[in-house]
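Listed below, chain by chain, are the residues.
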Amino acid sequence: SKLISNKIFFAPIIDKKKYLVDVVTWNTIFGNKKIDQNFNKKIPVVIMAGGKGTRLAPFTDVLPKPLIPIHDRPIIQHIIEKFASSGIINFYISINYKGKILKAFFEELDSKSNFNFLEEEHPLGTAGSLQLLNVNISNPFFVTNCDTIIDIDFNDLYDFHIKNENIMTLVASAKEYIIPYGTCKIDKDGSLLKIAEKPQLDFLINTGLYVLSPEVLKLIPKDKFYDITDLIEAILKKGKRVGVFPINDNNWLEAI
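On a predicted model such as this, the values are computed, not experimentally measured, just so you know.

Caption draft 1: Fine view of the overall build of the chain. The secondary structure content of the chain amounts to seven helices and 15 strands. Among the 256 residues that make up the chain, the fraction classed as buried is 43%. Contacts in the chain between residues far apart in sequence, at least 24 positions, make up 74% of those at least 6 positions apart. About 14700 Å² of surface is accessible on the chain, with carbon and sulfur atoms providing 53% of the total.

Caption draft 2: Broad picture of the packing of aromatic side chains. As enumerated under the stated definition, the model contains 10 aromatic pairs in all. Judged by centre distance (4.1 Å) and plane angle (20 degrees), the ring pair of F83 and F154 falls under stacked. You can see F83 sitting in helix α4 (residues 75-84) and its partner F154 sitting in helix α6 (residues 154-163), a full 71 residues away along the chain. Like F154, F83 is buried. A ring pair is formed by F106 and F115, whose centres lie 4.7 Å apart and whose planes are at 45 degrees; its orientation type is tilted. The pair F106 / F115 is uniform in exposure class, with both members buried. Among the aromatic side chains, those forming a connected cluster through ring pairs are F83, F91, F105, F106, F115, F117, F142, F154 and Y158.

Caption draft 3: Spatial organisation of the nonpolar core. Ranked by internal contacts, the top residues of the largest apolar core, which has 35 residues, are I47, F83, F142 and L209. At the level of elements, β3 (44-48), α4, β6 (90-95), α5 (99-108), β9 (148-150), α6, β13 (200-212) and β14 (242-247) are the ones that each hand at least two residues to this core. At five residues, α4 tops the list of elements feeding residues into this core. With residues up to four places along the chain from it excluded, the contact list for F83 reads V45, I88, F91, F142, T144, F154 and L209. Counting residues in hydrophobic clusters, the runner-up holds 24 residues, among them L130, L133, I137 and I228.

Caption draft 4: Expanded view of α6. Counting buried positions along α6 yields seven of 10 residues, so the element is predominantly enclosed. Along α6, the residues classified as buried are F154, N155, D156, L157, Y158, F160 and H161. At the N-terminal end of α6, a side-chain oxygen is found 2.8 Å from the backbone nitrogen of N155, two or three residues along, and the residue is D153.

Caption draft 5: Inspection of the pattern of salt bridges at higher detail. For the structure shown, the criterion picks out five salt bridges. Across the salt bridge formed by K82 and D151, the nearest N and O atoms sit 3.7 Å from each other. Remark: D151 occurs in the loop between β9 and α6 and K82 occurs in helix α4; sequence separation between them is 69 residues. The exposure class of D151 is partly exposed, given its relative accessible area of 45%. In this structure, the salt-bridge partner of K103 is E119, at a minimum N-O distance of 3.0 Å. Remark: E119 occurs in strand β7 (residues 114-119) and K103 occurs in helix α5; sequence separation between them is 16 residues. On the accessibility criterion, E119 (47% relative accessible area) is partly exposed. Residues joined in a network through salt bridges with shared partners are D72, R73 and E81.

Caption draft 6: A look at a nonpolar patch on the surface. Taken together, the side chains of Y177, L201 and F203 define a hydrophobic patch exposed on the protein surface, amounting to about 270 Å² of accessible area. By the element assignment, Y177 lies in strand β10 (residues 168-178). Classification of Y177 as partly exposed rests on a relative accessible area of 42%.

Caption draft 7: Region of interest: the environment of K222. Along the chain, K222 turns up in the loop between β13 and α7 (228-237). Separated by 93 residues in the primary sequence, K222 and S129 place their C-alpha atoms 8.5 Å from one another.

Caption draft 8: Expanded view of the side chain of D153. As for its placement among the helices and strands, D153 is situated in the loop between β9 and α6. Exposure remark for D153: the relative accessible area of 9% places this residue in the buried category. A distance of 2.8 Å separates a polar side-chain atom of D153 from the backbone nitrogen of N155.

Caption draft 9: Summary view of unusual backbone geometry. The backbone phi angle of E165 is positive, close to 55 degrees, even though this residue is not glycine. Its place among the elements puts E165 in the loop between α6 and β10. On the basis of relative accessibility, which here comes to 70%, the residue E165 falls in the exposed class. With phi around 55 degrees, D223 is a residue other than glycine that occupies positive phi space.

The rules behind the values
Residues numbered from 1 in each chain as written. Predicted model: local features only at pLDDT ≥ 70, side-chain atom pairs only at ≥ 80, totals over all residues. Heavy atoms only, no water. Helix = DSSP H or I, 4+ residues; strand = E, 2+ residues; numbered from the N terminus. Buried < 20%, exposed > 50% of the residue type's maximum accessible area, 1.4 Å probe, protein only. Contact = heavy atoms within 4.5 Å. Areas by Shrake-Rupley, 256 points an atom, 1.4 Å probe, with all protein chains shown as cover. Phe/Tyr/Trp six-rings, centres within 6.5 Å; stacked < 30°, edge-to-face > 60°. Core = buried A, V, L, I, M, F, W, Y, C linked by side-chain atoms within 4.5 Å. Polar contact = N/O pair within 3.5 Å; in protein donor to acceptor, adjacent residues only side chain to side chain. Salt bridge = Lys/Arg side-chain N within 4 Å of Asp/Glu carboxyl O. Patch = residues over 30% accessible without salt bridge, like charges linked within 9 Å, V, L, I, M, F, W, Y side chains within 5 Å.

Encoded structure:
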């Protein structure tokens, strides 16, 4: 396949008028692989669940954001079930805001998965709590936000990370925006060249799901507020590779 030989991870599909009609991604082509349940049992997943969820006040004045229900189950349960369907059973959950409520929920949850908690004494951002991992992690592991539900084959993502020798891989969604106005294109003197009617812009949006190799943990300062964007900058400054795994827009849901 040309996708493999040329390391093309997504390709646009256009119609006769050269309008974008679809995007073919790595996951579209290779999304039906057999799952290696035994290996996946060794892969940890870290769920970042310590934030306050201020956008959802006053609901989060009562419940932590990960326990806000979507349909008949809390968001975090949907996330866990997606990973569990690939045979992944080891979860580390960072907690701070209303952490006791979250721990109580997992004590009552009927699940075959293993749950451990990374307890932040104070907020550590979207990556700082990774320093609290007190286990010997020898393989790449998943990190995910607590409010994003993504429907992909996690084995494809993991293989993509390994085969491309990434130190970090982020999952990005192909997103199309149409500006609902005519936009003006001008020359350097301020004269109008043309008006583009309702132009279309195409982006790759960070979904909040990552694969990290264990060596990145050395870059995270201890007991300090540190976001995932800070970690990405630190990796790039080291000259290490950050890969992007594109998925279709209908494969993810930012729940809240």
